[in-house]
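Letter by letter, the chains look like this.
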Amino acid sequence: SSWCICACQEKDAELDMCEFLLKLFTKESLPKDFNKYQIPWGDVILSLKSQGLEYRGVAPDYWVVYTDEEGWKKIIPYLVQPASDYVFEVADCDDYAEYASALCSKKFKLNGCFEVWGETPLGVHAWNLVLTSKNSYKMFDSNSGFDFAGELFDNGTHDYIGKSWA
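To start, this report covers the structure provided alongside it. All residue numbers refer to position in the chain's written sequence, counted from 1. Since the coordinates come from a predicted model, pLDDT governs what is reported: local features require at least 70, and pairs of side-chain atoms require 80 or more to be given and counted, while whole-chain, interface and lining totals use all residues. Values reported for side chains reflect all heavy atoms of the structure, with hydrogen atoms and water molecules removed beforehand.

Per-residue accessibility, obtained with a 1.4 Å probe over protein chains only, is compared with the maximum for each type, and a residue is labelled buried under 20%, exposed over 50%, and partly exposed between these values. We count a stretch as a helix when DSSP gives it H or I for four or more residues in a row; a strand needs E for two or more, and each element gets its number in order from the N terminus. Along helix H2 (residues 41–50), the residues that are buried comprise Trp41, Val44, Ser47 and Leu48. One side of H2 carries all its buried residues, which in axial view fall inside an arc of 125 degrees. Seen from the buried face of H2, the exposed residues on the opposite side, beyond 90 degrees, are Leu46 and Ser50. Backbone geometry just downstream of H2 places Gly52 in the positive-phi region, at approximately 90 degrees. Our arc is simply the arc of the directions from the helix axis toward the C-beta atoms.

Looking now at the sheet that holds strand S7 (residues 161–165). Two strands qualify as a pair provided that DSSP identifies no fewer than 2 bridges between them. Strand order in the open sheet formed by five strands is S2-S7-S4-S5-S6, with mixed pairing between adjacent strands. If you trace the sheet from one side to the other, it starts and ends with strand S2 (54–55) and strand S6 (136–140), each paired once. Bridge analysis of strand S5 (residues 123–133) against S6 gives five bridges, and the strand direction is antiparallel. Considered in S6, the bridge of Leu129 is made with Met139. Of the strands in this sheet, strand S4 (113–120), S5 and S6 are in contact with helix H4 (residues 93–108), which crosses S5 at around 20 degrees. Should any heavy atoms of two residues lie within 4.5 Å, those residues are counted as being in contact. For helices, the fitted axis covers only the stretch in contact; all axes are lines through C-alpha atoms, and the angles between them, taken along N-to-C directions, range from 0 to 180 degrees.

Before going further, it helps to spend a moment on the pattern of salt bridges. By salt bridge we mean one thing: a side-chain nitrogen of Lys or Arg within 4 Å of a carboxyl oxygen of Asp or Glu. A full pass over the atoms with the stated rule returns three salt bridges. Taking the shortest distance from any N to any O, the salt bridge between Lys74 and Asp33 comes out at 3.2 Å. With Lys74 in helix H3 (residues 69–75) and Asp33 in the loop between helix H1 (17–25) and strand S1 (37–40), this pair connects stretches of sequence that are 41 residues apart. Judged by its relative accessible area of 54%, Asp33 is exposed. Linking Lys138 and Asp154 is a salt bridge whose minimum nitrogen-to-oxygen distance equals 2.7 Å. Separated by 16 residues along the polypeptide, Lys138 in strand S6 and Asp154 in the loop between S6 and S7 bring together distant segments of the chain. Take Lys138: its relative accessible area is 16%, and that puts it in the buried class. Asp154 sits in the partly exposed class, given a relative accessible area of 40%.

Shown next as structure tokens:
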């Protein structure tokens, strides 16, 4: 097998593609009972920078709309994608993170789910960061090939060290 930054294609997918799509597009099954908060993008950029995470973009909107940790625990299972979708250098870790972020905005009307890049034991990797309050965040990996996919964790857990975000 060829080496890659993310070893996620090596693991079997825990989600069947049909199950993933059915879960995602059956509106009745999507959680709606979560709190929503908003904060200016500039405040998020400054807060995360003070915690060691550099912003890699231009603020696309004035407000960041997010939920609390309890709300994210309801939503994130719908953002985890099958490991079988992984294609080295084409549909890899940054694409998983970007897709989870876009799905979150589209399906849950929350734009507080971001891509984060950093170091892991396997090398450079991309995963997701979610804002949980004005000055705090959690992370998760949206590729079901990882044992902890869809679980919220702090920066540094699982040896995931976030460096930048967008």
